Structure formats: C-alpha cells, structure tokens
Amino acid sequence: MQSLFISSSKKSSGKTILSIGLAALAHQEKLNTQTFKKGPDFIDPSWLNAASNNPCYNLDFNTMSRDEIKDLYNSKSKNSDFTVIEGTKGLFDGVAIDGSDSNAALAKIIKTEVVLIIDCQGITRGIAPLLNGYRSFDKQLNLTKVILNNVSNTRHEDKLICSIKEYTDFKCYGAIPKINDIIDERHLGLVPAFQHDNRKKILATLRNNLKSCIEYKKLIPAPKKNKFLINKVRSNNKTRFTIGVASDQAFGFYYPDDIEKFKDLGCKIKKINFIKDKYLPNIDGLIIGGGFPETVAEKLESNQSMKSSLKKAIESNLPVYAECGGLMYLCKYIEFHGRKRKMCNVLDINVKMNAEPIGRGLTVLVPINHPWKLGSVKIPAHEFHYSSLEFNKKKYNFAYKL
C-alpha cells in the first residue's frame, strides 16, 4: 500500500486541493483509496470522502492517544491501494512547542512519506533554503517530494524548478497555477460536500486541473486491472436498536468511526432528512450532528410536521444526542443575517449567529450532573463556532457549569 502525507510550510497553501485532487484521480484510476485528515475537521473530510468514495477518518492528537491513532490508521488503510493524509497548517506546526502534535509527528507515527505543497507567490530562488531548512529540521522524516502552487507563469516556474535542481535534492512533481476558488467558502471554511448538489462536477474540474499540471501518475500506484472493492463495515451482531441519524443539507458532521461503532454493536442506522421527511420514523434513539442549519433555516422552519414530530418524540423520552448544529435545531429560533427562523422549541433557547468566531480551539469538558454518572472524567474536545445562546439561567443552569 502506497501512502502520501500532504503538508506545507503554512496554512492556506493548497493542501486541501491537492489532497482532494489526488484522491479523486486515484479513484478514477480504479484504486481503492483511503483518506485521512489530521486533527478535528468535518468539512475537508466530506470532500475527501466524496473524492475517494470511502469514508475519511480523523487522526487527532487531542482526542486520541498515539496507539489509537496508529491502530485506526492501520485498520482502515490495510486493504487500500493508496492512502492520502491531509495535514493541517504547516509541517512542524501544532499546539505543543516540542512538535509532539505536529504533522511531522503524525507522519512519523504512521510511517508515511511527506509531500510538501508550497505557496510560491513572491518566491523564486528562496524556495531552495526553505526546502533545505525543512529537511534539516527533522532528518527522520521521509521528505523528498515537492509540488509548487500559485505559480504565476512559465518564467516563474522555470526559476523555481532550476533553483530546486541546483541547490536541493528534492524532486518537483508539478507546478499548479493560481486556481480560482473551485469550492465555495464561507464563515467556517469550504462549503461541505453534502451541501453541494454539483459536487461531481466540482471534483471533475479539480481532477482535470491537476491532471494538466502535476505528474500524478508518479505519485499514485499503477492502476489495477480488476475493479476495486469499497471498504465496508460488517457486523456479526444481530440488530438490537435502530438509531436515527440526521443526514441532509443542514446536518452532516459525523466521524465515520463513531457511526461504524454503533453498527458494530448491532445497531441499524436510519438516515433522516429533516428538510424533506415529514415525520420521524420508528427509531430507538436519534443523533443530530453538526452542520450548517443557519444556511437552510428557512427550509427547516417550513417543515412544521417534522418539527412537531421531533418535539413530541423528545417529550416522550426519545434518547437524543444533539451536537452543535443539532442543538441549534432543538432551540426556539436561529437568528442569521438579521432574520429569525423558528426551530423545534424543544429548548427555550435562542441562537444568534455572529460575525466573528465565539469559540475556537481545543477544550476539555468535565460533565456535571450527567445521567451516565461520569463524575470527574475529563473529555477532550474542540470547538469552532460563530453561534451564541440566549437562555433561561434557572432552567438550564447546567450549561453554564460545563
């Protein structure tokens, strides 16, 4: 199995475009392609999932031990032909000053080769000391490949490649010109794949763009003659419960290994569309994950029968796990761009979307008065949201303690 870790010298250098594009090209070549994303993220994995037609898994130092990272990577990639891991920020960046949670640290744990994609805007001969510096900073890394991004023209490209050949032993596998935004962006980053009706066209455009400017056939394995098999999770247990999972344009942020764990425990997963479905199906529990309910709030508001059905089910003690956007849906209303849209009114809480992030970064939760009696167990988590809540302190004082 061949694997590539896509990293760079800094954020916004083209890692996502290259990772998605390579996964899409490999899939087109009939390779069973497995993708991973370093750290907490749902949006980029949604595109990596769409590109490879396999679930994308997160490798996160904050919520996983090194053994858990290694085990997940090995178990999910063992049957693949090609593995792509998308890093975050720069190769040596991280929260820890010693680099123990950096992209470089992850690449060494899973023993994979690193490809640097460098934003070359304003750089010519300076590419050489940059690459040599990254090489010498950690000589344990398998680091010999580079792809140039934001290359202005052929003259710019020639200067960069000549400098790399003259002063380094890196091999350049292509030069990507400045590409206009293929995937739309908004307040939390790229628009996720589950909200794009034309995602197939977007992936085709990205494939064609990269085909013309990188030596992708030297980066991915040779195509297989037989059609590849898609990785599937199988359970030997009989179905015990049916768990509903919100899956539509509003909600789609889930870690696939979480859903797979429910299946492994014998649960049947029932996808529910809170925009189009009129009523809740017969389920034993419900998960409403994160997403962007504010962007489709009008559609959610207009589906009155679903809102009533959900409210009635919750008041009849249906177990529900609602996270991020899912929690917003259970509130009284969502205010976005000055417009208020009525939601389920299960919780007497109002949600306001702000212009700037309210919560951003790693966090640790300590449950108080939790029904599972977790006591002082600390739960590592992360947050990145623009929403703030307005609610009755007496009724929901537990939220202030968390």
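About the criteria used
Residues numbered from 1 in each chain as written. Predicted model: local features only at pLDDT ≥ 70, side-chain atom pairs only at ≥ 80, totals over all residues. Heavy atoms only, no water. Buried < 20%, exposed > 50% of the residue type's maximum accessible area, 1.4 Å probe, protein only. Helix = DSSP H or I, 4+ residues; strand = E, 2+ residues; numbered from the N terminus. Arc of directions from axis to C-beta. Contact = heavy atoms within 4.5 Å. Pairing = 2+ DSSP bridges. Axes fitted to C-alpha atoms, helices over the stretch in contact; angles between N-to-C directions. Parallel < 35°, antiparallel > 145°, perpendicular 65-115°, else oblique. Nonpolar A, V, L, I, M, F, W, Y, C, P; charged D, E, K, R; others polar. Salt bridge = Lys/Arg side-chain N within 4 Å of Asp/Glu carboxyl O. Core = buried A, V, L, I, M, F, W, Y, C linked by side-chain atoms within 4.5 Å.

Draft legend 1. Region of interest: helix α8 (residues 256-264). Within the span of α8, buried status applies to Pro-256, Ile-259 and Glu-260. Angular distribution of buried residues about the axis of α8 spans 100°; they occupy a single face of the element. The inward-facing, buried residues of α8 contact β3 (56-59), α3 (66-77), β10 (242-246) and β12 (268-272). Count one or two residues on from α8 and you reach Gly-266, which has phi positive near 100°.

Draft legend 2. Looking closely at the sheet that holds strand β1 (residues 2-7). Pairing in this open sheet of seven strands is parallel, and the strands run β3-β2-β4-β1-β5-β6-β7 from one edge to the other. With partners counted over all chains shown, the strands left at the sheet margins are β3 and β7 (171-177), one partner each. Sheet twist, expressed as the mean angle between neighbouring strand axes with direction ignored, is 25°. In the sheet, β1 pairs with strand β4 (residues 82-86) via five bridges, with the strands oriented parallel. Note on β4: the bridge partner recorded for Phe-5 is Ile-85.

Draft legend 3. View of the packing of helix α1 (residues 15-28) against helix α7 (residues 199-211). Two elements in contact, α1 and α7, have axes separated by 9 Å at closest approach and are oriented at 95°. When the interaxial angle is binned, α1 and α7 end up roughly perpendicular. Contacts between α1 and α7 pair Ile-17, Leu-18, Ile-20, Gly-21, Leu-22, Ala-24, Leu-25 and Gln-28 from the former with Leu-203, Leu-206, Arg-207, Leu-210 and Lys-211 from the latter. When its residues are assigned to classes, the contact of α1 with α7 shows nine nonpolar, two polar and two charged.

Draft legend 4. Structural context of the pattern of salt bridges. A full pass over the atoms with the stated rule returns 12 salt bridges. Glu-86 serves as the salt-bridge partner of Lys-37, at 3.1 Å between the closest nitrogen and oxygen. Here Lys-37, found in strand β2 (residues 33-38), pairs with Glu-86, found in strand β4; they are 49 residues apart in sequence, far enough to count as distant. Across the pair, exposure class does not vary: Lys-37 and Glu-86 are buried alike. A network of salt bridges, in which partner residues are shared, links Lys-37, Asp-41, Asp-44 and Glu-86.

Draft legend 5. Geometry of the nonpolar core. Within the largest apolar cluster, 40 residues are counted, with the highest numbers of intra-cluster contacts made by Ile-6, Ile-20, Leu-22, Ile-147 and Ile-214. For this core, the leading source of residues is α1, giving seven residues. In terms of nonpolar packing, the next biggest core, distinct from the first, is built from 39 residues, Tyr-254, Ala-313, Cys-331 and Leu-347 among them.

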